[in-house]
Amino acid sequence: MFVGAVEFQDARATDPRDFTIAASDGDATPPATLPPMLEESIPGISDRLTLITAEDHALWILVWDPSFRLPEMQRFNARRSTAWPFASFDTSGRLVAVTGLEVREEEAPSVQDTPSLWIASPNEVERAYRISRVSSAQWHATDVARISYVRELNSSFTLVIADVDPLTKLPTTSDLITVFDVLPHIVRWDRDGFVLQIGEQTVALDSAGALLWSADGRATTASPDFVPQLRRTGEHPGWYLLDRLTGDAESFDTFGIDASEDSTQIVASSSNNIFAAVTRRFDRTTVAVIGSDLIAPRIIQVPGDPTPFRFTSDAAFLILRTADGNDLLFLGWRSGGTHRFDVPAGHYVLAINLG
């Protein structure tokens, strides 16, 4: 492991055939009954809502103002068949990072190109800056226009951070934090450092890349001060809550939460220490919300079999995916109100921004 600085001189210009915008069909016959406005669909939402979605191999940007009944839609067509495993807005909502994986249709389905990372504003993806050989990326949890990513170079994996100019959408600096022999996945990056998943170990680094702790188990989400982790300590894996600075663990059983891997999924708020445990029941789903400022868990029963997606940036709503993965459920967990948000058919939501 070493610490240093390096700049990657990727060409700014993306081939214009990589992304082209096609406007949505304006000649479609309007529905007999008008859909509700955004502010009617989700009471309490007063900001613009933007989704990044995937439809087959196409990437879409969908925008609703509070008074919109239907979204403004922009479609971005990849030059070749492309899978879109990741998309995310920075904390300002003005920049977006998208990871695309091109699949060579003339070869075996398992043969794939190395992923690439595109950085742009939501309405300028056709002029996106492209960084090749990127397998994982995360925006800084609080700082605007700062991104970290893992890039493969010479059979090693480098953890890099970059500052992006909000006007040009170009990285102005790129600093190499450390190098790994095994592929890491970035779970969270903030002022306290990094939470990474490396194989079957969760690893915490400080902001300079020095190791804080590592623990056997798997983590896919983290809050400012804690990391929910699935670890095997007995016959079956169970959920634990790890301290960000020390790695000390406490079982979710102590919060009265079903800690079974088979029935429960857990998601953390990015802005505060709020967690939702979503547990499948026979005919419903139980959502238990816990947090450092909550005296007791908030328990809400939700019909059907939704899965957790993420909290809104202010943690006022927990967003869940419906069973078919298309529409979203906005759960006001403090009041218990649940609001279904219709997403156009065939669109799978990758990222969401309110503001």
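Residues numbered from 1 in each chain as written. Predicted model: local features only at pLDDT ≥ 70, side-chain atom pairs only at ≥ 80, totals over all residues. Heavy atoms only, no water.

## A word on the nonpolar core
Among soluble globular proteins, nonpolar side chains are generally buried collectively. Note the following rule: Take the buried Ala, Val, Leu, Ile, Met, Phe, Trp, Tyr and Cys residues and link them wherever side-chain atoms come within 4.5 Å; each set so joined is a nonpolar core. Three labels apply to residues, based on accessible area from a 1.4 Å probe with only protein chains included: buried if under 20% of the type maximum, exposed if over 50%, partly exposed otherwise in between. We count a stretch as a helix when DSSP gives it H or I for four or more residues in a row; a strand needs E for two or more, and each element gets its number in order from the N terminus. For this analysis, residues touch if any pair of their heavy atoms sits within 4.5 Å.
Membership of the largest hydrophobic core comes to 19 residues, with the highest contact counts inside it found for Ile42, Leu49, Leu51, Leu328, Phe330, Phe341 and Ile352. When residues of this core are traced back to their parent elements, those giving at least two are strand E2 (49-55), strand E3 (58-64), strand E26 (328-332) and strand E28 (348-354). Setting aside its immediate chain neighbours within four residues, isoleucine 42 contacts Leu49, Phe317, Phe330, His339 and Phe341. If you look at the next biggest cluster of nonpolar residues, it comprises 17 residues, including Val98, Ala120, Val125 and Leu350.

## As for the environment of leucine 350
Residue placement: leucine 350 occurs in strand E28. Along the primary structure leucine 350 and alanine 54 are separated by 296 residues, whereas in three dimensions their C-alpha atoms are 7.0 Å apart. In this structure, leucine 350 is in contact with Ile52, Thr53, Ala54, Leu59, Trp84, Ala87 and Phe309, ignoring residues within four places of it in sequence.

## A look at the sheet that holds strand E25 (residues 318-321)
Keep this limit in mind: The pairing criterion is simple: DSSP has to find at least two bridges between the two strands. Between N-to-C directions, angles cover 0 to 180 degrees, with each direction set by a line fitted to C-alpha atoms, over the stretch in contact for helices.
Judged by pairing direction, the sheet is antiparallel, and its four strands sit side by side in the order E24-E25-E26-E27 without closing on themselves. Only two strands of the sheet have a single partner each, and these edge strands are strand E24 (307-311) and strand E27 (337-341). On average, each strand axis in the sheet is tilted by 30 degrees relative to the strand beside it, whichever way the strands run.

## Points about the pattern of salt bridges
What counts is decided by this rule: What makes a salt bridge here is a side-chain nitrogen of Lys or Arg within 4 Å of a carboxyl oxygen of Asp or Glu, nothing more.
Within this structure, the stated rule accounts for 12 salt bridges. A salt bridge links aspartate 143 to arginine 191; its shortest N-O distance comes to 3.0 Å. Of this pair, aspartate 143 sits in the loop between strand E9 (134-139) and strand E10 (146-153) while arginine 191 sits in the loop between strand E13 (184-190) and strand E14 (193-198), and the two are 48 residues apart along the sequence. Glutamate 200 is the salt-bridge partner of arginine 218, the closest N and O atoms lying 3.8 Å from each other. Residue arginine 218 is located in the loop between strand E16 (211-216) and strand E17 (226-232), and its partner glutamate 200 is located in the loop between E14 and strand E15 (201-205); the two are separated by 18 residues in the primary sequence. The exposure class of arginine 218 is partly exposed, given its relative accessible area of 37%. Look at glutamate 200 and you get exposed, because its relative accessible area is 52%.

## A closer look at the environment of lysine 169
So the rule is basically this: N or O atoms closer than or at 3.5 Å make up a polar contact, with two conditions inside protein: a donor-capable atom paired with an acceptor-capable one, and, for residues adjacent in sequence, both atoms drawn from side chains.
Looking at where lysine 169 falls in the secondary structure, it is placed in the loop between strand E11 (156-164) and strand E12 (171-180). Since its relative accessible area comes to 13%, lysine 169 is described here as buried. The spatial distance from the C-alpha of lysine 169 to the C-alpha of alanine 120 is 5.7 Å, given a sequence separation of 49 residues. Beyond its immediate stretch of four places on either side in the chain, lysine 169 contacts Leu95, Ile119, Ala120, Ser121, Glu124, Tyr129 and Val164. Side-chain polar atoms of lysine 169 contact the backbone oxygen of proline 166, separated by 2.8 Å. In terms of polar contacts, lysine 169 uses its side chain to reach the backbone carbonyl oxygen of leucine 167, at 3.0 Å.

## Some words on unusual backbone geometry
With glycine set apart, most residues show a phi of negative sign, and most peptide bonds adopt trans. Of note, asparagine 154 is a non-glycine position whose phi angle comes to about 55 degrees, a positive value. Position of asparagine 154 relative to the elements: it lies in the loop between E10 and E11. Positive phi, normally seen in glycine, also occurs at lysine 169, with a value near 65 degrees.

## Considerations on the confidence of the model for the protein
Put simply, the rule is: Think of pLDDT as the predictor's per-residue confidence, scored from 0 to 100.
Per-residue confidence for the protein gives a mean pLDDT of 87, with 86% of residues at or over 70. Here residues 1-24 is modelled with pLDDT under 50, and outside its nearest four sequence neighbours on either side it reaches 64 contacts, counting other chains as well.

## Observations regarding the packing of aromatic side chains
Put simply, the test is: Aromatic rings from Phe, Tyr and Trp, with only the six-membered ring used for Trp, were paired whenever their centres fell within 6.5 Å, and each pair was classed as stacked if the ring planes differed by under 30 degrees, edge-to-face if by over 60, and tilted otherwise.
Across all of its chains, the model carries seven aromatic pairs by this definition. Each ring, one from phenylalanine 226 and one from phenylalanine 275, has its centre 6.3 Å from the other, and the planes form 75 degrees; the classification is edge-to-face. Pair noted here: phenylalanine 226 is in strand E17 and phenylalanine 275 is in strand E21 (residues 274-280), with a separation of 49 residues, a long-range link. Where phenylalanine 252 meets phenylalanine 255, the ring centres are 5.7 Å apart and the plane angle is 55 degrees; that geometry is what we call tilted. For phenylalanine 252, a relative accessible area of 1% translates into the label buried. The exposure class assigned to phenylalanine 255 is partly exposed, which follows from its relative accessible area of 27%. An aromatic cluster of three or more residues is present, and its members are Trp64, Phe317, Phe330 and Phe341.

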